[in-house]
Amino acid sequence: MAATGRRHLVQDFNHFITCYLCRGYLIKPTTVTECLHTFCKSCIVQHFEDSNDCPKCGIQVHETNPLEMLRLDNTLEEIIFKLVPGLREKEEQQELEFWKKNPPKENGQAENLTCQRLGLPDVGGDDGDGDCGGGEEDGGDDDYHRSDPQIAICLDCLRNTGQSGESTVSDLMKRFIRCSSRVTVGTIKKFLSLKLKLPSSYELDVLCNGEIMGRDHTLEFIYMTRWRLHGENTYPMVLEYRPRIDFG
């Protein structure tokens, strides 16, 4: 005999899937790692512009930069989209409408927006300020990764001395950048290629403490497993790049 039970409604779970700040369904749910309270990403980022405390429990999240203590909860996001019919489509439509109203105005801006979405500085001339792009004219909403936990890195050039006839890569005019901790080594390589104006066939290696890093390694992973474990290493994290050496 099959067990009978009350059919649950979405409203039965509202307490778990709504934002304490806006009272709507959690959009890009983001958790404060200090207290594990979760809010819409845009809501908590806006709150931290004026306060370093969790809006729900009042605990101080970070003395200076509470954004470093935020983590996106992709699993919860998928659960909410499954529980609330049409929510995913509604959000995608709103995003599409935003881009229709805010198209790239210049040829180079599309390339810059790509780097902004990846959490990297723009790829314009080296006379930029080295910050992630997106000023008041952009509305601040085109930079999807700016509200991610951030990490400061230094990109140092390793001179190529082992392959005669091949020109060495050059130093970046601005070696220090601040970007999303979710950025991968593959993205760093693309950034370097754009900044240094390298041909598409030119291969680079990115190293940390002399060890070549894999393309899919995130900066957070490298910091936790390669950089932080060396007690003498300080902040920011130093990554080195060089032309790929062919051992064949």
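The rules behind each value
Residues numbered from 1 in each chain as written. Predicted model: local features only at pLDDT ≥ 70, side-chain atom pairs only at ≥ 80, totals over all residues. Heavy atoms only, no water. UniProt positions renumbered as here; feature names shortened; annotations may be inferred. Buried < 20%, exposed > 50% of the residue type's maximum accessible area, 1.4 Å probe, protein only. Helix = DSSP H or I, 4+ residues; strand = E, 2+ residues; numbered from the N terminus. Pairing = 2+ DSSP bridges. Disulfide = S-S within 2.5 Å. Contact = heavy atoms within 4.5 Å. Axes fitted to C-alpha atoms, helices over the stretch in contact; angles between N-to-C directions. Core = buried A, V, L, I, M, F, W, Y, C linked by side-chain atoms within 4.5 Å.

An unreviewed UniProt entry annotates the chain as Polycomb group ring finger 5a originating from Labrus bergylta. Recorded under Subunit (unreviewed entry), the UniProt text for the chain is reproduced unchanged: "Component of a PRC1-like complex."

Caption draft 1: Broad picture of the pairing of strand 1 (residues 29-32). In strand 1, alternate side chains face the same way, and those of P29 and T31 on one face and T30 and V32 on the other are all buried. Pairing of strand 1 with strand 2 (residues 38-40) involves three bridges; the strand directions are antiparallel. Directly across from T31, in strand 2, lies its bridge partner T38. The antiparallel pairing of strand 1 with strand 2 creates a hairpin that spans five residues between the two strands, and L36 there sits at a positive phi of about 70 degrees. With three bridges joining them, strand 1 and strand 3 (residues 70-72) adopt antiparallel strand pairing. Opposite T31, over in strand 3, you have R71 as the bridge partner.

Caption draft 2: A look at the state of the cysteines. Within the structure shown, the criterion is met by zero disulfides. Free of any disulfide, C35 has its nearest cysteine sulfur in C54, 3.6 Å distant. The exposure class of C35 is buried, given its relative accessible area of 19%.

Caption draft 3: Focus on the sheet that holds strand 8 (residues 237-243). Reading across from one edge, 5-4-8-6-7 is the order of the five strands in this open sheet, with mixed pairing throughout. What marks the edges here is a single partner per strand, and that holds for strand 5 (176-180) and strand 7 (211-212). Relative to strand 8, strand 6 (residues 204-208) runs antiparallel, the two sharing four bridges. Within strand 8, the position partnered with L204 by the bridge is P243. Against the sheet, helix 6 (residues 185-196) touches strand 4 (150-157), strand 5, strand 6 and strand 8, its axis set at about 125 degrees to strand 6. Lying over the sheet, helix 7 (residues 219-227) contacts strand 4, strand 5, strand 6, strand 7 and strand 8, oriented at roughly 105 degrees with respect to strand 8.

Caption draft 4: Structural context of the nonpolar core. Formed by 26 residues in total, the largest nonpolar core has its most connected members in I153, L155, L192, L219 and L239. Residue assignment for this core shows that the elements contributing at least two residues are strand 4, strand 5, helix 6, strand 6, helix 7 and strand 8. Per-element accounting of this core gives the leading share, five residues, to helix 6. Apart from the residues lying within four places of it in its own chain, the contact partners of L219 are I151, I153, C179, S180, S181, V183, I188, M237 and L239.

Caption draft 5: Geometry of the sheet that holds strand 3. The strand order across the open sheet formed by three strands is 2-1-3, and the pairing between neighbours is antiparallel. The open sheet has two free edges, formed respectively by strand 2 and strand 3, since each of these has just one partner strand. Along the sheet, successive strands turn relative to each other by an average axial angle of 35 degrees, direction set aside.

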